[in-house]
Amino acid sequence: MRRFYNRTAFPCIQLLALFLISMQAFKLHAQPACCCGAPREMNFPGLDFELPPDPPIGGFINYPTGSSLGAWTITSGTVDHVDAQHYFCSSCGNPNGPSKFIDLFGSPSGGGSQEGSMRYPLTGLTPGNLYTIEFYYAKFNLPGRYSANLKVANGAWLNVNWVAGNPGDVLWLKASYSFTAQATSTTMEFTDTGGIIGYGAIGVLIDDIKIFECPTDHEAPQVLLPPDNVDVDCDADVPPVPNLIISDNCDLNPATVFKEIKEVTDPCTKKITRSWNITDACGNTTRVEQLISISDKSAPEFTS
């Protein structure tokens, strides 16, 4: 049977959840992606779980291993497709508004130990591009903290774990993870990995998944009119350091590191090497050099 409880019996737990919310907000965001242009949301249907057949009002539909919900396939344990706010108000804390969601419940309570897991096919990817998976998560409205896992390409491209300590009737949190595509298609899989502190058979709740494509910048900065090499007679004739005109397809202000090295062979023969290493926000680098040869080859002249 499914678990039931009186959700008004745990006010302290809900206050604790609010504290965990503030802690988790710093842990579940990927590093900023290196994009060339604005990320584009991919069109993958069924990631918001507004799918038929509709769960009964105030209830859920339990999907066992091997069954399908839209393009999703249940790969282990069981997964619940749950009615919006009516089932213990478990979706009431979602900032996007109460809606149908998934409970990675696992095996039926009273028996097995398999945790709930579900897989989705990702197609139309561009190898080398960055993709970000965003989703909202919570836990069922009982005390404790519960963990879950997200894998892309069976963990080869992305393999992350997180902990849900926030009950769904209080507030859902947003997570964000990124991966680099290595092929045009793969799979995404969510798995409930069990309780850390609390009841054993509790599911992590998932809703409102979105996937964004970020075209990666592979183009190095360009220098317009790079400085020419120069031969001069004296130190006084050395030209000043030029101001380079730099352009980049994505970064408006690439970082520039300038160095100048002077080598002296003898008092009349010297060489100055000027170098600029120009790096954009995605790590693409261009190196520019200017060589200045100083060699006194002119004999003295009478001025009068």
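These lines cover the structure that appears in this document, whether it is placed above or below. (Residues numbered from 1 in each chain as written. Predicted model: local features only at pLDDT ≥ 70, side-chain atom pairs only at ≥ 80, totals over all residues. Heavy atoms only, no water.)

1. Quick word on the overall build of the protein chain
Check the secondary structure of the protein chain and you find one helix and 19 strands. Evaluated residue by residue, the protein chain yields a buried proportion of 44% over its 304 residues. Carbon together with sulfur atoms contributes 56% to the accessible area of the protein chain, which is approximately 15,300 Å² in total. (Helix = DSSP H or I, 4+ residues; strand = E, 2+ residues; numbered from the N terminus. Buried < 20%, exposed > 50% of the residue type's maximum accessible area, 1.4 Å probe, protein only. Areas by Shrake-Rupley, 256 points an atom, 1.4 Å probe, with all protein chains shown as cover.)

2. Looking at the state of the cysteines
With the rule as written, the count across this model stands at two disulfides. Between Cys 36 and Cys 250 runs a disulfide, and the two sulfur atoms are separated by 1.9 Å. Torsion about the S-S bond of the Cys 36 and Cys 250 cystine: about -45 degrees, corresponding to left-handed handedness. Here the residue Cys 36 occupies a position in the loop between α1 (11-24) and β1 (40-41), and Cys 250 occupies one in the loop between β16 (245-247) and β17 (255-266), the gap between them amounting to 214 residues. Each disulfide pairs two cysteine sulfurs, and for Cys 89 the partner residue is Cys 92, the sulfurs being separated by 1.7 Å. An S-S torsion of about -105 degrees defines the bridge between Cys 89 and Cys 92 as left-handed. (Disulfide = S-S within 2.5 Å.)

3. Things to note about unusual backbone geometry
A cis geometry characterises the amide bond from Pro 52 onward to Pro 53, with omega recorded as -5 degrees. If you check the backbone angles, Phe 49 has positive phi at about 65 degrees while not being a glycine. Mapping Phe 49 onto the fold places it in the loop between β1 and β2 (60-64). Phi at Leu 225 is positive, roughly 55 degrees, even though this residue is not glycine. Of note, Leu 225 is situated in the loop between β14 (222-224) and β15 (230-232). Residue classification places Leu 225 among the exposed positions, given a relative accessible area of 77%.

4. What to know about the side chain of Asn 166
Within the secondary structure layout, Asn 166 lies in the loop between β10 (158-164) and β11 (173-180). Within the structure, the side chain of Asn 166 is placed 3.2 Å from the backbone oxygen of Tyr 137, a separation counted as a polar contact. Among the polar contacts made by the side chain of Asn 166, one reaches the main-chain carbonyl oxygen of Leu 171 at a distance of 2.8 Å. (Polar contact = N/O pair within 3.5 Å; in protein donor to acceptor, adjacent residues only side chain to side chain.)

5. Here we look at the pattern of salt bridges
Per the stated rule, a full pass over the model turns up nine salt bridges. In this structure, the salt-bridge partner of Lys 100 is Glu 50, at a minimum N-O distance of 3.0 Å. Here Glu 50 lies in the loop between β1 and β2 and Lys 100 lies in the loop between β5 (78-82) and β6 (101-104), a separation of 50 residues in the sequence. With a shortest N-O distance of 3.2 Å, Glu 189 and Arg 119 are connected by a salt bridge. A residue pair is termed long-range when its members are at least 10 positions apart, and Glu 189 in strand β12 (residues 186-198) and Arg 119 in strand β7 (residues 117-122) qualify at 70 residues. (Salt bridge = Lys/Arg side-chain N within 4 Å of Asp/Glu carboxyl O.)

Coordinates in, geometry out; function isn't part of it.
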